[in-house]
Amino acid sequence: MSEPAAAQAFDLVLAGGRVLDERNGVDGVMDVAVKDGRIAAVGENLAAGARRVEDVSGSIVAPGLIDIHTHVYHKATSLSVDPGFIARRSAVTTMVDAGSAGAGNYDGFRDYVMAHSPYRIFAFLNISFPGIFGFDKGLFIGEATLREMLPVDRCAAKVEANRDRIVGVKVRIGGPVTGELGLGALELALEAADAVGLPLMTHIGTAPPSYADVVSMLRPGDILTHCYRPEPNSALGPDGKVLQALLDARERGVLFDIAHGMGAFGYDTAEAALRDGFLPDLISSDVHVIAVEGPGYDLLHTMSKLLNCGLTLPQVIGMSTSRPALAIRHPELGHLGVGAPADITVLRQVDSDYVFADVEGKTRQGSTLLQPMAVYLGGREMEVARRPFEEPFLLGGHGRCSC
């Protein structure tokens with residue numbers, strides 16, 4: 001928390017919202033002030049003299065949401081969606097593409113998508129040279145089945161030339177994605193990540209290899225994405241408890257990411273893991289051409305789903321702001337400390353009778369949804385889009401915030 005300098009004129013003050021900033025230990029009703037595109041102060045009674053004041057009482061004021069697992073190499077890869085559409089709908093300020101592009105086509109992603117988007121876009125570079133090339137409705141071709149398609153030197157060289165945007169290496173492991181190569185693909189991806197000193201994000205699919213075998217190879221700071229995937233090859237052992245290999249991995253610093261997608265969030269797994277005290281470190285959507293139509297939809301919907309699973313609002317916000325920022329080694333993002341870029345998401349928690357579904361069609365009655373109210377990117381107000389798949393289920397038209 002900070003107080004303004006004497007007679008300081010702020011460009012914008014968001015007044016009276018519940019400010020949730022995990023990094024700085026802030027959870028309370030206060031104002032957030034912006035000047036020259038950066039956070040200038042967080043405290044009480046900051047509105048006097050500000051050029052613009054927005055009353056956000058009853059709302060949640062959070063650091064700009066970060067979706068650490070998306071697919072937004074739009075129109076160049078079959079699985080990717082329009083980053084602007086997703087950002088407007090889900091109130092995110094930063095998207096991290098999870099391996100849509102490899103060394104062979106990353107330059108197009110950089111020059112034709114990232115460079116033209118007003119939003120912050122980073123990428124995990126796929127160890128597979130062509131990236132994810134065979135993923136669409138009714139079509140699935142694994143990109144990591146042949147060792148020849150996973151040239152470590154080409155991956156490392158592309159990372160070194162693009163460290164401003166590439167935050168790590170991505171590999172998809174399991175079933176038809178890797179075929180007979182199996183853990184060999186993971187070994188090559190780890191070699192590339194070691195060479196550039198960046199984290200590895202690892203997709204876990206069906207066996208072989210097993211979830212335990214995959215997670216046992218990951219290093220501190222690496223990310224296991226799709227952590228609550230359903231059986232077969234889930235996080236649970238025959239006793240219904242979280243596998244010891246996952247507990248060991250967490251102990252040494254491996255991070256676990258939701259990445260809902262079209263096949264990676266099962267209520268049986270999630271509820272058992274939560275009962276066992278195994279919470280995710282990160283919440284993300286794995287939004288792509290199929291998942292965008294449900295049941296995952298986007299980051300905000302996935303956050304609401306986890307909120308209805310029993311996670312607290314501060315936990316859900318932290319897992320979607322500060323923690324992903326630190327995971328991609330961009331500590332300037334994901335918080336509202338003075339001097340940070342003024343990336344801010346304003347949400348309202350609304351009573352709802354929405355019935356949530358997992359990727360197997362199992363449902364749970366929900367009671368609340370998070371809805372976007374406003375987004376600021378570097379202090380600039382961005383457009384917020386409607387959410388027609390949720391609107392019919394909002395009750396009373398009034399949000400509830402435990403402010």
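Higher on the page you've got the structure.
Here is what the cut-offs are and how they apply
- Residues numbered from 1 in each chain as written.
- Predicted model: local features only at pLDDT ≥ 70, side-chain atom pairs only at ≥ 80, totals over all residues.
- Heavy atoms only, no water.
- Helix = DSSP H or I, 4+ residues; strand = E, 2+ residues; numbered from the N terminus.
- Rg over C-alpha atoms; globule rule 2.2 N^0.38 Å.
- Buried < 20%, exposed > 50% of the residue type's maximum accessible area, 1.4 Å probe, protein only.
- Contact = heavy atoms within 4.5 Å.
- Areas by Shrake-Rupley, 256 points an atom, 1.4 Å probe, with all protein chains shown as cover.
- Lys, Arg positive; Asp, Glu negative; His and termini not counted.
- Charge placed at Lys NZ, Arg CZ, Asp CG, Glu CD.
- 1 Å grid on protein atoms, 1.4 Å probe; cavity = no way out; pocket = protein on both sides within 12 Å on 5 of 7 lines; lining within 4 Å.
- Points joined across faces, edges and corners; volume = space filled by probe spheres on them.
- Nonpolar A, V, L, I, M, F, W, Y, C, P; charged D, E, K, R; others polar.
- Salt bridge = Lys/Arg side-chain N within 4 Å of Asp/Glu carboxyl O.
- Disulfide = S-S within 2.5 Å.
- Pairing = 2+ DSSP bridges.
- Axes fitted to C-alpha atoms, helices over the stretch in contact; angles between N-to-C directions.
- Phe/Tyr/Trp six-rings, centres within 6.5 Å; stacked < 30°, edge-to-face > 60°.

**Student:** So what's going on with the overall build of the chain? Which residues, and what values?
**Tutor:** When its secondary structure is counted, the chain shows 10 helices and 20 strands. Relative to a compact globule of 403 residues, whose C-alpha radius of gyration would be 22 Å, the chain shows 21 Å and is just as compact. Seen through its C-alpha atoms, the chain measures out along the principal axes to roughly 65 × 45 × 40 Å. For the chain, with 403 residues in total, the buried portion stands at 60%. In the chain, once contacts between residues fewer than 6 apart in sequence are set aside, the share between residues at least 24 apart is 74%. Surface exposure of the chain reaches about 14500 Å², of which carbon and sulfur atoms provide 52%. In the chain, 35 positive and 49 negative side-chain charges are present, and the distance between their average locations comes to 3 Å.

**Student:** Before we move on, can you summarise empty space enclosed by the protein with the specific residues and values?
**Tutor:** Taken as a whole, this structure holds one cavity of 30 Å³ or more when the rule is applied. The calculated volume of the largest cavity comes to roughly 50 Å³. Forming the walls of the largest cavity are Pro 63, Gly 64, Ile 66, Thr 93, Thr 94, Leu 333, Gly 334, His 335, Pro 341 and Asp 343. Tallied by class, residues from the lining of the largest cavity come to four nonpolar, five polar and one charged.

**Student:** Got a sec to walk through the side chain of Thr 94? Specific residues and values, please.
**Tutor:** Locating Thr 94 in the fold gives a position in strand E7 (residues 92-102). Among residues more than four places away in sequence, those in contact with Thr 94 are Leu 65, Ile 66, Asp 67, Arg 120, Phe 122, Leu 333 and Asp 343.

**Student:** Describe in detail the layout of surface pockets, supporting the description with residues and values.
**Tutor:** Approximately 390 Å³ is the volume attributed to the largest pocket. In terms of lining residues, the largest pocket is bounded by 26 residues, among which Arg 172, His 203, Arg 229, Met 262 and Gly 263 are the most central. If you list the elements that add at least two residues to the lining of the largest pocket, you get strand E11 (166-173) and strand E12 (200-204). Of the residues belonging to the lining of the largest pocket, the class tally is 10 nonpolar, 12 polar and four charged.

**Student:** Explain unusual backbone geometry residue by residue, including any values.
**Tutor:** A cis amide bond, omega -5 degrees, links Ala 207 with the succeeding residue Pro 208. By the element assignment, Pro 208 lies in the loop between E12 and helix H5 (211-215). Gly 294 connects to Pro 295 through a cis peptide bond whose omega is 5 degrees. Relative to the helices and strands, Pro 295 resides in the loop between helix H7 (267-275) and helix H8 (299-308). You will see that Ala 91, though not glycine, has its phi angle at about 65 degrees, which is positive. Within the element layout of this structure, Ala 91 appears in the loop between helix H1 (83-90) and E7. Residue Ala 91 is classed as buried on the basis of its relative accessible area, which comes to 0%.

**Student:** Summarise the pattern of salt bridges; cite the residues concerned and give the values.
**Tutor:** Considering all chains together, one arrives at 23 salt bridges under this definition. Between Arg 18 and Asp 27 there is a salt bridge, with its nearest N and O atoms 2.9 Å apart. By relative accessible area, which is 8% here, Arg 18 ends up buried. One salt bridge connects Glu 22 with Arg 323, and the closest N-O pair in it is separated by 2.8 Å. Of this pair, Glu 22 sits in the loop between strand E1 (12-21) and strand E2 (26-35) while Arg 323 sits in helix H10 (residues 322-327), and the two are 301 residues apart along the sequence. Residue classification places Glu 22 among the partly exposed residues on the basis of a relative accessible area of 35%. According to the relative accessible area criterion, Arg 323 is partly exposed, its value standing at 27%. Here the residues in one salt-bridge network are Arg 89, Asp 298, Arg 387 and Glu 390, joined through shared partners.

**Student:** Help me get a handle on the environment of Arg 380, residues and values and all.
**Tutor:** Summarising the element assignment, Arg 380 is placed in strand E19 (residues 380-382). The class of Arg 380 is exposed, set by a relative accessible area of 52%. The spatial distance from the C-alpha of Arg 380 to the C-alpha of Ile 344 is 9.6 Å, given a sequence separation of 36 residues.

**Student:** Can you tell me about the state of the cysteines, naming the residues and giving the values?
**Tutor:** One pass over the structure, following the stated rule, counts zero disulfides. In this model Cys 227 remains outside any disulfide bridge; the closest cysteine sulfur is found in Cys 309, 12 Å from its own. Judged by its relative accessible area of 0%, Cys 227 is buried. On the basis of relative accessibility, which here comes to 22%, the residue Cys 309 falls in the partly exposed class.

**Student:** I'd like to hear about the sheet that holds E11, residue by residue, with values.
**Tutor:** Read from one edge to the other, the open sheet built from seven strands follows the order E6-E7-E8-E11-E12-E13-E14, with strand pairing classed as parallel. The sheet is open, and its two borders are formed by strand E6 (65-70) and strand E14 (255-257), each paired with just one other strand. Neighbour-to-neighbour, the strand axes of the sheet open up by a mean angle of 25 degrees, direction not taken into account. Sheet topology note: the E6/E7 ladder contains four bridges and is parallel. Following the sheet pairing, Ile 66 is matched in E7 by Thr 94. In the packing of H8 onto the sheet, contacts are made with E6 and E7, and the angle to E6 comes to roughly 100 degrees.

**Student:** Report on the packing of aromatic side chains, specifying residues and quantitative values.
**Tutor:** Scanning all chains against the criterion turns up nine aromatic pairs. Taking the centre distance of 6.5 Å and the plane angle of 55 degrees together, the rings of Tyr 228 and Phe 265 count as tilted. Here the residue Tyr 228 occupies a position in the loop between strand E13 (223-225) and helix H6 (244-251), and Phe 265 occupies one in the loop between E14 and H7, the gap between them amounting to 37 residues. For the pair Tyr 228 and Phe 265, one class covers both residues: buried. Between Tyr 297 and Phe 389, the ring centres sit 4.1 Å apart and the planes meet at 5 degrees, which makes this aromatic pair stacked. With Tyr 297 in the loop between H7 and H8 and Phe 389 in the loop between E19 and strand E20 (394-399), the pair connects residues that are 92 residues apart, well separated along the chain. Accessibility assignment for this pair places Tyr 297 and Phe 389 in one class, buried. Taken together, the ring pairs in this structure connect Tyr 73, Tyr 106 and Phe 109 into an aromatic cluster.

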